[in-house]
Amino acid sequence: DNDEWAYRNAYDNVRKNNFPNILVEQGDATNLKNQNYQLIIANINKNILLNDMHAYAAVLEKGGKIFFSGFYENDLEDITKKANSLGLEYVRHISKNNWVAAVFNRQ
């Protein structure tokens, strides 16, 4: 996360819940270089997701999952098209109050 409060909150929760294998970093998609992940969670608006999705796809391991949220229902088609073009396969999504959380797999 690029927000210091959100970063500290996530870090504290990971530590308090004893999940030492979860890496929490403060920053943006440029932090992801030269690493591989089985799971990525990106709760960001549509424009940033579309702009940075290539960086997420590049570091997501084969068979890995990525959860995108923070965008509206009418943005799901654009998110899915971009994800598919990067080798990410749509799995499913849920919506609440016009907000979406969607899951994609690395093919």
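Relevant structure appears above.
Please read all numbers here as calculations on a predicted model, not as lab measurements. (Residues numbered from 1 in each chain as written. Predicted model: local features only at pLDDT ≥ 70, side-chain atom pairs only at ≥ 80, totals over all residues. Heavy atoms only, no water.)

Peer 1: What is the right way to read the nonpolar core from this model?
Peer 2: It is characteristic of soluble globular proteins that their nonpolar side chains tend to be buried jointly. Of all hydrophobic cores here, the largest spans 22 residues; its most connected members are Y56, I66, F68, F71, L88 and F104. Of all the elements, helix α2 (residues 46-59) adds the most residues to this core, at 6 residues. Ignoring sequence-local partners within four residues, the contact set of F104 consists of G64, K65, I66, F68, I79, T80, A83, L88, E89, Y90 and V91. (Core = buried A, V, L, I, M, F, W, Y, C linked by side-chain atoms within 4.5 Å. Buried < 20%, exposed > 50% of the residue type's maximum accessible area, 1.4 Å probe, protein only. Helix = DSSP H or I, 4+ residues; strand = E, 2+ residues; numbered from the N terminus. Contact = heavy atoms within 4.5 Å.)

Peer 1: Would you mind going over the pattern of salt bridges with me for this structure?
Peer 2: All chains considered together, the criterion is met by 5 salt bridges. Across the pair D12 and R15 runs a salt bridge, and its minimum N-O distance is 3.1 Å. With D12 and R15 both in helix α1 (residues 4-16), this residue pair falls 3 residues apart, about one helical turn. The class of D12 is partly exposed, set by a relative accessible area of 28%. Owing to a relative accessible area of 51%, R15 belongs among the exposed residues under this scheme. Across the pair D78 and K46 runs a salt bridge whose closest N-O atoms are separated by 2.7 Å. (Salt bridge = Lys/Arg side-chain N within 4 Å of Asp/Glu carboxyl O.)

Peer 1: Would you take a moment to explain the environment of E89 for this structure?
Peer 2: Residue position: E89 is located in strand β3 (residues 88-96). Between the alpha carbons of E89 and D52 there is a distance of 17 Å; along the sequence they are 37 residues apart. Those residues in contact with E89 that sit more than four places away from it in its chain are N84, V103, F104, N105 and Q107.

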